[in-house]
Structures are given as C-alpha cells and as structure tokens.
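Residues per chain are reported as follows:
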Amino acid sequence: MERVLLNKVSYLAGKLQWDITVVTTDQKGRPAFYPFPSQVKMVDLGINYADDNHKNPLLKIAGYLRRRRRHRRALTELLMRERPDVVVSLYPSESSFIPSIDDGSKKVLELHYSKFFRIQYGRKGLLGMIDRWRTHEDEKIVGRFDRFVVLTNEDRGYWGDLPNMEVIPNAAMRLGDGRSDVMKHRVLAVGRLDYQKGFDRLICAWELVQKSGKYKDWTLDIYGQGEWQGMLQRMIDEKGLQESLRINPPTRDIGKEYASSSLLVMSSNYEGFPMVMIEAMACGVPVVSFDFMCGPKDIIKQGQNGLIVHNGDVEGLADAIMRVMDDESFRKRLSQNALSVVSTYSEEAVMAQWTKLFASLTGK
C-alpha cells in the first residue's frame, strides 16, 4: 500500500503539480520505507493504534475506541485548517467518521483489500463476532462517501450495485530495466510475514517440491518481515529446508530480485489487488497463485501468463510450481505473455482514471 501510495502521489505532485499531503497515524518519527518526493507534505497525527496490539481483547477494544476519538479530533482540526479539495481515505482507519467532517472536501474511500478481508482472518470468540459485525457495517460506511474505489471487478461483484462505486486497479510499474530470462533456478515470494500472505502454506508446498528429489538445484527466496518470521523459520528448520529456502529482509530494489528469478509464487489467504503479482509480471516473471480473493482471476489467464490453483490446495500449488520448473519452453511462453500486464495496468491508464474521478468530483 505504501508503494502504491508513493507511485500515485509522485504522479500527482510531480507530473500534475498538485498540492499533496499524506496523513499517517503511527509513524513515530520513522522515515517512510520509500522516500517520498520533497514537495509532498507528510503529517503524522501521533495516534499510535499499534501500541495496543499486545493487549488482551477487551483492553485492545477500549484502547482502540479511545485512540479513535483522538484520531477524529486531530484529523478534523487538520482538514478544517487545510481545506483540501479531495480527501482519500485508505480503508479502514478513519473511514467510519471521515464523511461527517465538514471541511468542504469531497470524500473518496479506497479499499486495498476485498470486502471479506476481516472474516478471512478466521478469528474466534469476541473478536470473531466483531469482525462479522464490522463486515456488515462496512456496507453502510462505503455508501456515505462521494466515491468508493475497489481494485478488481471480482470485488465489485461482492459489494453489489452501489451507485458510488468505481473499479480502479493499481498500476504495474516497471521496477528498473531488468527483465527475467526465466533461466535461473530460483523461485520468489514477497510480502509481509503474517497470516494474510500465507507463507506457511508455501513452505509446506515447497517441502513437497523438494521431496520429489528432482529440484535440488532450485531455491526459494522469501522477502519480507513481520510477526510470523520466527514461526516460519522454525517450520523451515523442522522440515530441513534450510539449504533451499531462505527468508530475506525487505529490499528497496525488489526489481532486481524479480529479474533474477524464474517464478513468483503467491500463497496469500486474501488480497485486495496483488501488487507483487503485477510487478513481477512486468519484469517477465510468470506467476503461480492460489485463487484467493481478490486479484488472480482479474490478472492471470490460466496457462497463458501463469497458473491459478484452488485456494488452500497445497499439493496443487506444489504441482503447479513443478510444472513451471519442469518445462523451460512453457516457462518462456508464460514469461512473454506476462509482459502484457504493463499495457493493461500502465501508470498512464490508471492515473487517467484517478484524475477523471477527481475532476468529476471537483469540477476542476
């Protein structure tokens, strides 16, 4: 989401000379992972929701409600002072209250997940009940915005016929000049080390690949960080996969890693729009992916630029990985077709949709 935001504001501020302010809640003085253009103003409200993450559910809920009240006051003061033309909320942080802030701006809600992202965590007890209730409440929240933007046609279908909804995907940005020749015996996975990305499922699939005994010269590199890192590393160690599977810290030059890989695997439980998928394809890297909500059905053409496997079918994921690794000519054909993602999701095409949306709201 941060990289998508960077791409978007860089275009609006750099190419269109718009005045852009990015507002955060939990930055704590840390620099952004990706450097933003100097003309983009950065404001952190110091709400720090994440400080309550370690608490028990009741204290976590109480802390959230307290911090949300402070968030609403601080954001209202900022918007009344700045008087922007358009305010875009990246769901869900301030989305429940931002439409009622009477600063004169048009309000746009941008969803980087799917409609059912809360339920897909599978939480039990009180938190599970809250997840289901909030999913129901989301339908009321999105209708209060001037525009509601989702990333895929698949997700649009889940929301129904909302009059304020539009589909605008993320742009496929070429990350450097490198392009994969799909000859290196290397598989790549990228993302935060948590439940959403499902790397535990990928590790189980890779164990099946290695047990076949045919791919000892192939390696799998995972790039990411997160709360599951220790657990995932223990899985790797217990399964004896240390020689072929590595967890690497995030890199700012992920384009270099795409170009030196022959396959990207996505084992996510859910996504809004898988940026990693289209970035890799823009570098000529074919993709094997579970058919999670949402994205693969919009992006992958089965057997042409990648392979889709039924979500949760770990054996099927392993088989699809081996199919691509086995057949060099098939891999090259997938790679060539994957490059067309650049024209389908080009920055110019995507940002033209955004500027048209903003112009329709403001008349400017």
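Residues numbered from 1 in each chain as written. Predicted model: local features only at pLDDT ≥ 70, side-chain atom pairs only at ≥ 80, totals over all residues. Heavy atoms only, no water.

S.K.: Mind laying out the packing of aromatic side chains, listing which residues take part and the relevant values?
M.R.: Evaluation of the coordinates by the stated rule reveals 11 aromatic pairs. Summarising the aromatic geometry, the rings of Tyr49 and Tyr64 are spaced 5.6 Å apart at their centres and angled 35° between planes, so their arrangement reads as tilted. Of this pair, Tyr49 sits in the loop between strand E2 (41-44) and helix H2 (57-82) while Tyr64 sits in helix H2, and the two are 15 residues apart along the sequence. Its relative accessible area of 14% is what places Tyr49 among the buried residues. We classify Tyr64 as partly exposed; its relative accessible area is 27%. Ring geometry for Tyr91 against Phe117: centres 6.2 Å apart, planes inclined by 90°, an arrangement best described as edge-to-face. Here Tyr91, found in the loop between strand E3 (86-90) and strand E4 (106-110), pairs with Phe117, found in the loop between E4 and helix H3 (125-142); they are 26 residues apart in sequence, far enough to count as distant. Residue class for Phe117 comes out buried when judged on its relative accessible area of 7%. By way of ring pairs, the aromatic residues Tyr91, Tyr113, Phe117 and Tyr270 are connected into one cluster. The ring of Phe33 is capped by Arg252, whose NZ or CZ atom sits 4.5 Å from the centre of that ring. (Phe/Tyr/Trp six-rings, centres within 6.5 Å; stacked < 30°, edge-to-face > 60°. Helix = DSSP H or I, 4+ residues; strand = E, 2+ residues; numbered from the N terminus. Buried < 20%, exposed > 50% of the residue type's maximum accessible area, 1.4 Å probe, protein only. Lys NZ or Arg CZ within 6 Å of the ring centre and 35° of its normal.)

S.K.: Describe unusual backbone geometry, with residues and values.
M.R.: With an omega of -5°, the peptide bond running from Met293 to Cys294 counts as cis. The residue Cys294 is located in the loop between strand E11 (287-290) and helix H9 (296-299) in this model. Residue Gln17 is not a glycine yet carries a positive backbone phi of 60°. Along the chain, Gln17 turns up in the loop between helix H1 (2-15) and strand E1 (21-24). For Val182, which is not a glycine, the phi torsion comes out positive at approximately 50°. For Val182, the position within the fold is in the loop between strand E6 (165-167) and strand E7 (186-190).

S.K.: Describe the sheet that holds E3, naming the residues involved and giving the relevant values.
M.R.: With respect to topology, 4 strands assemble into an open sheet ordered E3-E4-E5-E6, the strand pairing being parallel. Taken across any chain shown, the strands that pair with only one partner, and hence form the sheet edges, are E3 and E6. Within this sheet the neighbouring strands show an average axis-to-axis angle of 25°, counted without direction. Of the pairings in the sheet, the one linking E4 to strand E5 (residues 147-150) comprises 3 bridges and is parallel in character. Following the sheet pairing, Glu110 is matched in E5 by Val149. (Pairing = 2+ DSSP bridges. Axes fitted to C-alpha atoms, helices over the stretch in contact; angles between N-to-C directions.)

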